[in-house]
Amino acid sequence: MTKIILNGREVDADPEQPLIHACHTAGTDVPHYCYHPGLSPVGSCRICQVEVRMNAEAPPRVMVACRTPISEGMIVDTDAAPAHAARKECLEFLLKNHPLDCPICDKAGECTLQDYSFDEGQGAGRTVEPRRKLEKRKDLGDVIVLDQERCILCSRCVRFMDEIPKTPQLVVSQRGADSVIETFMDRPLTGNYQGNLADVCPVGALTLKPFRFKARVWNLQKSASTCAECSRGCSITTEVLRNGELKRFRPRANPDVNGYWMCDTGRFAFEHANAPERLAGAALRNGQGWTAVHPIDALEVARDMLVTHGTALLVASPFLTVEEGAALVALGRELGARPMFVSPPKNELADDLLHTGDPCPNRRGLTELGIDGLSAHDILAKIAEHESVVLVGERVAELMGPEALAALPAALRMIVFDSHLLDVPAADVCIGVPIHVERAGTWINIDGHAGRIAHARPAPAGVQLLTRSLEGLADLLTSETRAR
Amino acid sequence: MSGTETYLLDGCARAGSHTLDVYRKHGGYDTLARVLKELTPAEVTEIVKDSGLRGRGGAGFPTGLKWSFMPDPAQDDRTRYMALNADESEPGTCKDRVLLREDPHRLIEGCLIAAWAMQLSAVYIYVRGEYRLPYDRVQAAVNEARAAGLVGAKILGTDFSCEIFMHKGAGAYICGEETGLMESLEGKRGHPRPKPPFPAGFGLWGQPTTVNNVETIFNVPFILERGADWFKNLGTEKSPGNFLCGVSGHVERPGVYEVPLGMPAQRILDEHAGGVWKGRALKAWFPGGSSTGLMPASTIDTPMDHDSIRGIGSMFGTGAMILLDETACVVRASFVIARFYDHESCGQCSQCREGTQWLSQIFERIEDGRGRPEDIDLLTDLAHGMAPGKTICALSDAAAIPTHSVVKHFRAELLEHIELGRCPLQAKRVAEGAPA
Amino acid sequence: MALTEQLRQELDELVRNYPDKRAALIPFLHRCQEELGGWISPEVMEDCAEYFGLEPVEIYGVASFYPMFRLRPIGRHVVSVCRNISCDLRGADEIVQRACAVTSARVGESSDDGRFYLETVECQGACADAPMMVVDGTYHENLESDDVERILGGLE
């Protein structure tokens with residue numbers, strides 16, 4: 001680490017990184033558009049101008065912080081009047097052709113052109129020239145819509161495609177004031193990382209088709225969480241509207257896991273989270289139908305089944321958190337059973353970047369607890385040898401295969417902890433659980449990094465935490481044993 | 001300073017000057033042979049340094065010093081290159097075209113001497129795409145020279161080898177900027193690179209590279225043949241040698257003239273270019289290409305050398321004088337060159353991409369009679385936002401400088417346009433029967 | 001396959017001049033344009049991409065940067081009239097007007113009969129011989145307005 005003086009205070013700076021990195025690391029904001037910590041620096045937008053003196057005797061110079069190397073003892077003033085003036089001038093140029101259609105722009109509220117113009121732009125525009133007329137709704141495939149008029153040509157999107165998935169698909173074409181972002185012959189973008197383009201775009205030029213005109217970003221509540229789609233466990237934010245509707249998953253910077261990125265599979269994995277007809281509270285089989293009951297009553301029925309129908313098979317969902325897994329292991333001790341989790345086969349989505357192809361986000365965490373993964377097929381074979389089975393955790397029924405479960409004999413005693421009612425002949429007790437965006441906990445990713453999942457919205461009324469249900473059931477079994 | 005000795009264009013005047021036969025008949029490549037035999041690379045660089053030769057491409061940087069920035073081969077064994085900048089495209093500048101077309105072997109000899117001095121593996125001659133005949137002439141000369149053992153492996157039987165390759169540009173002023181040229185040569189968009197790193201450390205394909213202008217290298221064989229003292233005896237103390245002065249615009253005899261540095265512009269105008277055309281008075285001039293700004297006629301007695309031109313608040317640039325007579329409209333001229341920078345900006349840097357377009361739009365509006373009084377301050381502010389040193393390369397500066405100069409020296413004419421709501425001079429020209 | 005065998009052989013030669021073959025791209029695009037109808041088609045860009053190991057979009061990004069490359073079909077004869085300062089001072093406007101009249105094309109467009117493509121260009125480095133135009137790569141300098149018809153009139 002190298003010592004520099006930043007706004008009058010000595011701070012440590014990584015000499016391998018440009019000055020702007022040191023400023024940001026020290027918590028000092030320096031406006032930037034083309035600079036992105038995950039991409040190569042090009043120094044072209046020229047907004048990150050700060051005042052630098054190489055030492056106390058040297059004259060001050062205004063320089064772009066993204067291309068200024070760190071040197072010992074350099075004195076940096078991000079607040080100097082000449083730096084503010086230079087940034088203000090730069091903003092005037094950036095706004096010269098910008099359409100200023102902020103009221104109908106999805107980026108409004110998280111647009112740094114808005115933010116920095118507010119911070120240090122000038123109050124009134126001085127151009128009377130007609131603004132550039134370009135394509136405003138260029139369809140770039142299933143994920144991205146391009147508005148060329150809003151683009152400030154920072155080239156982050158181009159560099160993202162070149163450098164991260166390494167599949168160049170976007171370029172700055174033409175030149176000078178005619179420059180535009182394009183694909184070859186307007187071909188749609190391909191690949192599983194397109195959504196990141198909307199994140200790296202500092203303005204509203206690249207927006208997500210699925211998110212277009214769906215929400216104002218200031219109405220979104222954001223929670224730090226972890227992606228559920230594979231064993232990479234990318235750090236994300238979960239963003240929900242006040243009504244609880246899930247609107248976005250976005251990558252959250254984490255150098256140990258996903259850098260700044262996530263795949264589109266994870267980004268758009270709302271289907272399960274927004275699925276309707278959730279099981280609230282619990283339900284008990286009542287002849288051909290079901291009776292809604294309080295979870296505590298359902299647990300007592302479950303307890304009675306478990307003590308009278310031999311040793312149960314405990315089958316977990318791969319989405320169990322470490323905390324839930326521990327509660328299940330404890331329950332297994334009461335029952336003399338070792339739980340396992342259903343492990344779907346690897347999917348086709350594996351790549352060299354992030355996606356592991358393993359749909360079990362907590363495989364490692366569960367395995368370390370002694371819960372092994374088995375295929376649904378193998379688990380079904382084991383079920384056939386048991387009188388009773390407990391399915392535990394969100395999507396467990398889906399991953400076991402609803403058709404296979406429907407074929408199980410009605411005589412089997414089956415207790416189900418899942419987000420939806422499992423209406424099959426074998427099921428006797430169904431207890432609702434919160435899904436991953438409704439509870440907190442820990443998943444351990446493929447490399448052993450712990451990722452917290454966030455309670456981003458409340459579970460449906462009457463649904464209690466799975467840990468509480470499992471501990472409650474274990475307690476009921478303990479008291480039953482003592483009573484005997 | 002006698003002002004009469006010439007050397008640069010002497011060869012060009014000979015019949016068949018572009019052929020190896022004619023070139024050799026007049027001592028061509030003898031200097032190269034002597035240099036390879038008698039001088040070490042360091043001695044060559046020292047002579048060029050001592051001569052005080054300054055780059056003729058626009059910046060006027062001392063050539064020998066530039067060469068000395070190339071890393072010592074004993075310390076750094078990377079492949080080293082020279083890119084010869086024949087992407088001549090500064091408005092008003094048409095000198096290199098003559099040298100490429102008429103005396104290509106001297107250029108090759110200069111390249112090879114430079115190659116020896118810097119121990120280069122290859123020289124790439126980057127010729128602007130429009131220069132078809134000059135390109136073909138240099139290519140033919142390279143082929144002849146290669147066949148004669150002057151280019152390629154074991155030059156003139158020595159252990160020294162150096163290749164010369166031709167490379168064609170495709171219409172981009174910005175590729176005359178040394179790092180834009182290197183990007184273009186690598187097969188990319190001509191986006192100038194941020195500096196540092198500098199080309200001498202990280203140039204073509206990341207290897208040590210020096211970029212020199214055609215006329216600069218053209219001087220080298222003469223300096224090595226006749227000595228640094230001979231060279232220093234021409235021109236001024238700080239700007240020695242002769243230079244090729246392109247004279248264009250409203251003069252009787254436009255042309256490319258060889259004159260010593262330091263000759264007053266007035267003398268070049270009168271003695272070589274035949275004075276302002278049609279017996280008119282001079283109104284304004286660009287001393288060294290459009291990027292050097294529009295100067296009032298009162299400065300025309302300034303000596304044409306780097307320091308003297310700097311003294312009047314301009315730059316020597318490429319030494320290409322563009323002259324405007326009393327009927328010319330400086331607003332029109334400003335629009336024409338602002339439009340040029342708008343067309344040629346690579347578009348990377350925000351200020352340059354947007355600013356060059358904005359300046360062009362404002363000058364066009366004023367010339368069309370739609371100017372506003374506040375436009376004059378706006379022009380100044382925009383030019384201030386674009387330069388100096390606010391962008392990756394100097395194209396933004398090149399657009400800002402003429403803007404500052406026209407506001408400074410010709411504010412009254414700008415105001416007159418704005419107040420009248422039309423170009424006062426266009427009306428006058430029409431009245432005189434000249435084309436509008 | 002838009003590239004001819006002969007062009008591919010030329011390219012094999014050309015890339016030997018450079019330590020990295022991509023450097024041959026711009027000179028080679030010139031050759032493609034000369035040989036393949038005066039413009040660079042999407043198919044040519046795709047073939048080049050394959051040869052150079054790049055994506056077509058990267059070829060397009062480069063080709064569209066350089067005004068000498070035409071990315072759509074244009075008239076048979078390319079007429080480029082300089083409009084920069086030295087030529088402007090000596091009557092480039094009139095040359096442009098005459099060229100429009102003679103070619104029946106507007107600036108930046110081709111004539112309806114496909115004979116001409118007319119454009120204005122920035123400085124071509126013939127400032128001391130202004131005004132000037134370039135027709136199919138050949139410089140015509142010190143133009144009087146009557147020269148335009150003489151030079152262009154005979155072109156088929």
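The structure displayed is predicted, hence computed values, not measured ones.

Student: How would you sum up the interface of chain A and chain B? Please name residues and give values.
Tutor: With 21 residues of chain A at the contact, the number on the chain B side is 23 residues. Within the side of chain A that touches chain B, the residues separate by chemical class into seven nonpolar, six polar and eight charged.

Student: Tell me about the pairing of strand 15 (residues 289–293) of chain A, residues and numbers included.
Tutor: All names here are of chain A. The pairing of strand 14 (residues 282–286) with strand 15 spans five bridges and is classified as antiparallel. Of the residues in strand 15, the one forming a bridge with Ala283 is Ala292. Linking strand 14 back to strand 15 in an antiparallel pair, the connection comprises two residues, with Gly287 at a positive phi of about 65°.

Student: Could you give me a rundown of the domain arrangement of chain B, with the residues and numbers involved?
Tutor: All names here are of chain B. Split by domain assignment, chain B resolves into domain 1 (11–232), domain 2 (242–325) and domain 3 (330–431). Just the C-alpha atoms count here: the centres of domain 1 and domain 3 sit 36 Å apart. Each side of the interface is counted separately: domain 1 has eleven residues, and domain 3 has eight residues. When grouped by side-chain class, the residues that make up the side of domain 1 that touches domain 3 number six nonpolar, four polar and one charged.

Student: With reference to specific residues and values, describe the sheet that holds strand 2 (residues 109–110) of chain C.
Tutor: Residues and elements named next belong to chain C. The five strands are arranged 2-3-1-4-5 in an open sheet whose pairing can be described as mixed. Single-partner strands in this sheet number two, and they are strand 2 and strand 5 (138–140). The pairing of strand 4 (residues 133–135) with strand 5 spans three bridges and is antiparallel. Paired with Val135 across the strands is Thr138, a residue of strand 5. The strands touched by helix 6 (residues 92–103) are strand 1 (77–82), strand 3 (116–121) and strand 4; relative to strand 1, the strand with the most contacts, the crossing angle is about 160°.

Student: So, the interface of chain B and chain C: which residues are in play, and what are the values?
Tutor: The interface of chain B with chain C comprises 48 residues on the first partner and 36 residues on the second. Breaking the side of chain B that touches chain C down by element, the ones donating at least two residues are strand 3 (163–168), helix 8 (178–185), strand 5 (242–249), strand 6 (255–260), strand 9 (321–325) and helix 13 (330–344) of chain B. When residues of the side of chain B that touches chain C are assigned to their parent elements, the largest contribution, six residues, is made by helix 13 of chain B. Classifying every residue of the side of chain B that touches chain C gives 21 nonpolar, 17 polar and ten charged.

Student: Give a description of the packing of helix 7 (residues 295–308) of chain A against helix 13 (residues 466–483) of chain A that names residues and reports values.
Tutor: A pair of packed helices is captured by two measures, namely the crossing angle of their axes and the spacing between those axes. All names here are of chain A. Axis separation between helix 7 and helix 13 bottoms out at 9 Å; the angle between their running directions is 50°. Classed by the angle they form, the pair helix 7 and helix 13 counts as oblique. In the packing of helix 7 onto helix 13, the handedness of the crossing is right-handed. Contacts from Pro295, Ile296, Leu299, Glu300, Ala302, Arg303, Leu306 and Val307 of helix 7 reach helix 13 at Ser469, Gly472, Leu473, Leu476, Leu477 and Glu480. When the residues that make up the contact of helix 7 with helix 13 are grouped by side-chain class, the tally is nine nonpolar, two polar and three charged.

About the criteria used
Residues numbered from 1 in each chain as written. Chains lettered and ligands numbered in written order. Predicted model: local features only at pLDDT ≥ 70, side-chain atom pairs only at ≥ 80, totals over all residues. Contact = placed C-beta atoms within 7 Å. Nonpolar A, V, L, I, M, F, W, Y, C, P; charged D, E, K, R; others polar. Pairing = 2+ DSSP bridges. Helix = DSSP H or I, 4+ residues; strand = E, 2+ residues; numbered from the N terminus. Domains from an automatic or database assignment. Axes fitted to C-alpha atoms, helices over the stretch in contact; angles between N-to-C directions. Parallel < 35°, antiparallel > 145°, perpendicular 65-115°, else oblique. Left-handed = near helix turned anticlockwise from the far one by under 90°.

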